[in-house]
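Topology and contacts: notes
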Amino acid sequence: VYPSPFNYFCDNIDYSTHRLVNMTFNKLKKIPYFESNHFMREKLSKIKKGKKIISINIRNRSKSDQIDTVRDANYDYWIKFFKICGAKFPGINFLILGKYKEFDINLLSLKNIIVARYHDFSLIDELQFLLSSDYFIGSSSGFANLAIFSNIPYSIMSMKKEHEKDGLIKFGMKKYIF
């Protein structure tokens, strides 16, 4: 298993693995993808109520104890976006993923928003929901990496130029090679 649980929790991850994924794709023209399990797809279908679900991870580390706020989103813009979408696209709900203390309480007043942690869903639930979603939008994060290695269409924002050196993606590219 890569990374080993020990290395993962010690934050000792070798990002050159992304280069290995690219080499595998170049050789085989495919990579293995993650998929959600049947139980979680059923659970999400009850939440969906016939609507499309877009999973969103809005980083807001400034509200938590984190120092890395470079990739933080502007919540005022997101709330305006959600309100516009609620009026123009009533068939879409947004599922907010991520740390409970990072989300803006104002989201709870919007009818097209579901905050996973507010409903006592865990990180494991959130990852499964992401894999059962119709689309993912978020900043460069663990959630974004899961979307990349799945069949879920995605948009990733706030990529750092430093990711280029890790072999993740060339800065400014529209998508990964796979």
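These remarks concern the structure in this document. All values derive from a computational prediction rather than experimental measurement.

Some words on the pattern of salt bridges
In this structure the tally under the stated criterion is one salt bridge. A salt bridge links R117 to E126; the nearest nitrogen and oxygen atoms lie 2.7 Å apart. Judged by its relative accessible area of 0%, E126 is buried.

Some points on the packing of aromatic side chains
What the rule picks out here adds up to six aromatic pairs. Seen in terms of ring centroids, W78 and F81 are 5.5 Å apart; in terms of plane orientation they differ by 85°. Their pairing is edge-to-face. With W78 and F81 both in helix α4 (residues 75-88), this residue pair falls three residues apart, about one helical turn. Three or more aromatic residues joined by ring pairs form one cluster here, namely W78, F81, F82 and F94.

What about the nonpolar core?
The biggest cluster of nonpolar side chains holds 18 residues, and the ones touching the most others in it are I47, L95, L97, F129, L130 and F136. Elements supplying a minimum of two residues to this core: α3 (38-48), β2 (92-97), α5 (123-132) and α6 (142-148). Broken down by element, this core gets its largest block of residues, four residues, from α6. Apart from the residues lying within four places of it in its own chain, the contact partners of L130 are S55, L97, F136, F143, L146, A147 and I152. The next biggest cluster of nonpolar side chains, apart from the first, holds 16 residues, and it includes C85, F94, L107 and I137.

Reading guide: rules and limits
Residues numbered from 1 in each chain as written. Predicted model: local features only at pLDDT ≥ 70, side-chain atom pairs only at ≥ 80, totals over all residues. Heavy atoms only, no water. Salt bridge = Lys/Arg side-chain N within 4 Å of Asp/Glu carboxyl O. Buried < 20%, exposed > 50% of the residue type's maximum accessible area, 1.4 Å probe, protein only. Phe/Tyr/Trp six-rings, centres within 6.5 Å; stacked < 30°, edge-to-face > 60°. Helix = DSSP H or I, 4+ residues; strand = E, 2+ residues; numbered from the N terminus. Core = buried A, V, L, I, M, F, W, Y, C linked by side-chain atoms within 4.5 Å. Contact = heavy atoms within 4.5 Å.

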